[in-house]
Amino acid sequence: METRQRIRTGETAGVKRTSLSSLGESRTAFFLILPSFVGFFTFFIFPAIRGLYLSFTDWDLFTEPNWIGVQNYVKIFQDPEFWNAMKVTLLYVVYNIPIQTALGLGIAVALIQLKKSSVALRSLIILPWLLPNVIVGLLWLWLLDPTLGIVNEGVRALGFDRIPFLSTSKYALGSIAGINIWRHMGYTSLILFAGLQDIPKSIYEAAEIDGAGTWKSFLHITLPLIRPVMTFVVITSVIGSFQLFDTVAVTTEGGPTHSTEVIIWYIYKHAFSRFNMGYGSAVSFVLFVVLFLFTLAYTKKSNANESDLGG
């Protein structure tokens, strides 16, 4: 009986020590994440709640907000400029995402084939992404200049007329898409490169024994196995494309004739140029809903949470 009592006492003491240890770890973890939580609440949650409130008001930044209910949201869907901005943004996404993703995947596959790709090479590939958007915009504004730009000098040397890349509605949006493809394809390629490295080589070896060629292996092994990574790339790239602002601000300022007036420039114009902060906040929340629904739909359709590597 005494032996059993001692065992039970020891077990109870062990449980208490474990509970105290867990409590101490929880407190430590709480204090470690507290600064990040405060920053997240201060700079994300609170501004989002404040913005939602302002979207139901008429506010010019100088006077007290005046509650007007859903009038801003009604105005949005009746404004032809809003629909033009959404159309321009969607067109930019169509220009940007397929080419950027395809080029990024091609570079990633090339890096895998090199096998001993150096850190220097990968650093060179990602260098454009490390440059600030404003610097990239200014750089390409000079390169694409119709009179002094080196790109048009090359066009003229080939016997063609100079092309006003950023000053005509025919070429402006495509040129901006090209600039951002150049900037982001290296970053995209390195994300996909990391995903490709996780695919076991034994799978390709088994496919080769079964007679599968390079193209069939790519279609039936590579693409299915990097589906979660590809989903991440597409979703983040689409969200980033809808947030396009810096390049437009530096190069075209929404022109010519609204041909590059993307949705973020439209929000900026109303909120900070026309001092209609309530309306700008309402458009921002409409954009949030659009991106949220797209993310849900694409994630569900692509089965992003399922990987063929799981077995």
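To be clear, the structure that these remarks concern was listed above.
Everything quoted here is computed from the prediction, not taken from an experiment. (Residues numbered from 1 in each chain as written. Predicted model: local features only at pLDDT ≥ 70, side-chain atom pairs only at ≥ 80, totals over all residues. Heavy atoms only, no water.)

Trainee: I'd like a rundown of the pattern of salt bridges, residues and numbers included.
Mentor: A complete count under the given rule lists four salt bridges for this structure. The residue K269 makes a salt bridge to E81 at a minimum N-O spacing of 3.0 Å. Of this pair, K269 sits in helix α12 (residues 263-273) while E81 sits in helix α3 (residues 80-114), placing them 188 residues apart in sequence. We note a salt bridge from E153 to R156, for which the minimum N-O separation is 3.3 Å. In this pair, E153 and R156 are both assigned in helix α6 (residues 150-157), three residues apart and thus about one turn of the helix distant. Residue R156 is classed as partly exposed on the basis of its relative accessible area, which comes to 46%. Salt bridges sharing common partners tie together E81, E261 and K269. (Salt bridge = Lys/Arg side-chain N within 4 Å of Asp/Glu carboxyl O. Helix = DSSP H or I, 4+ residues; strand = E, 2+ residues; numbered from the N terminus. Buried < 20%, exposed > 50% of the residue type's maximum accessible area, 1.4 Å probe, protein only.)

Trainee: Can you explain the packing of aromatic side chains? Please cite residues and give values.
Mentor: Given two aromatic rings, their pairing is described by the distance between the two centres and the angle made by the two planes. Counted under the stated rule, the structure contains 21 aromatic pairs. Their ring planes at 25° and their centres at 5.6 Å tell us that F40 and F44 sit as a pair that is stacked. Here F44 and F40 lie together in helix α1 (residues 2-54), a separation of four residues that amounts to about one turn. Arranged with centres 6.2 Å apart and planes meeting at 65°, the rings of Y266 and Y279 form a pair that is edge-to-face. One end of the pair, Y266, is in helix α12; the other, Y279, is in helix α13 (residues 277-302), with 13 residues separating them in the sequence. For Y266, a relative accessible area of 0% translates into the label buried. Among the aromatic residues, ring-to-ring pairing joins F77, F82, W83, Y266 and Y279 into one connected group. Sitting over the ring of W59, R50 keeps its end group 5.6 Å from the ring centre. Taking the ring centre of Y279 as reference, the NZ or CZ of K75 above it sits at 4.6 Å. (Phe/Tyr/Trp six-rings, centres within 6.5 Å; stacked < 30°, edge-to-face > 60°. Lys NZ or Arg CZ within 6 Å of the ring centre and 35° of its normal.)

Trainee: So what about the environment of S281? Which residues, and what values?
Mentor: Position of S281 among the secondary structure elements: in helix α13. Sequence separation of S281 and Y53 is 228 residues, and the distance between their C-alpha atoms is 8.7 Å. Setting aside anything within four residues of it in sequence, one finds S281 in contact with G51, L54 and S55. (Contact = heavy atoms within 4.5 Å.)

Trainee: An account of the environment of K170 is requested, with residue identities and associated values reported.
Mentor: Structurally, K170 can be placed in the loop between α6 and α7 (172-197). Classification of K170 as exposed rests on a relative accessible area of 68%. Sequence-wise, K170 and S259 are 89 residues apart; in three dimensions their C-alpha atoms are separated by 8.3 Å.

Trainee: With reference to specific residues and values, describe unusual backbone geometry.
Mentor: Put simply, G255 and P256 share a cis peptide bond, and its omega is -10°. Relative to the helices and strands, P256 is located in the loop between α11 (246-251) and α12. The residue E253 is not glycine, and still its phi comes out positive at about 55°. Summarising the element assignment, E253 is placed in the loop between α11 and α12.

Honestly, that's just the spatial picture; any functional story needs more than this.
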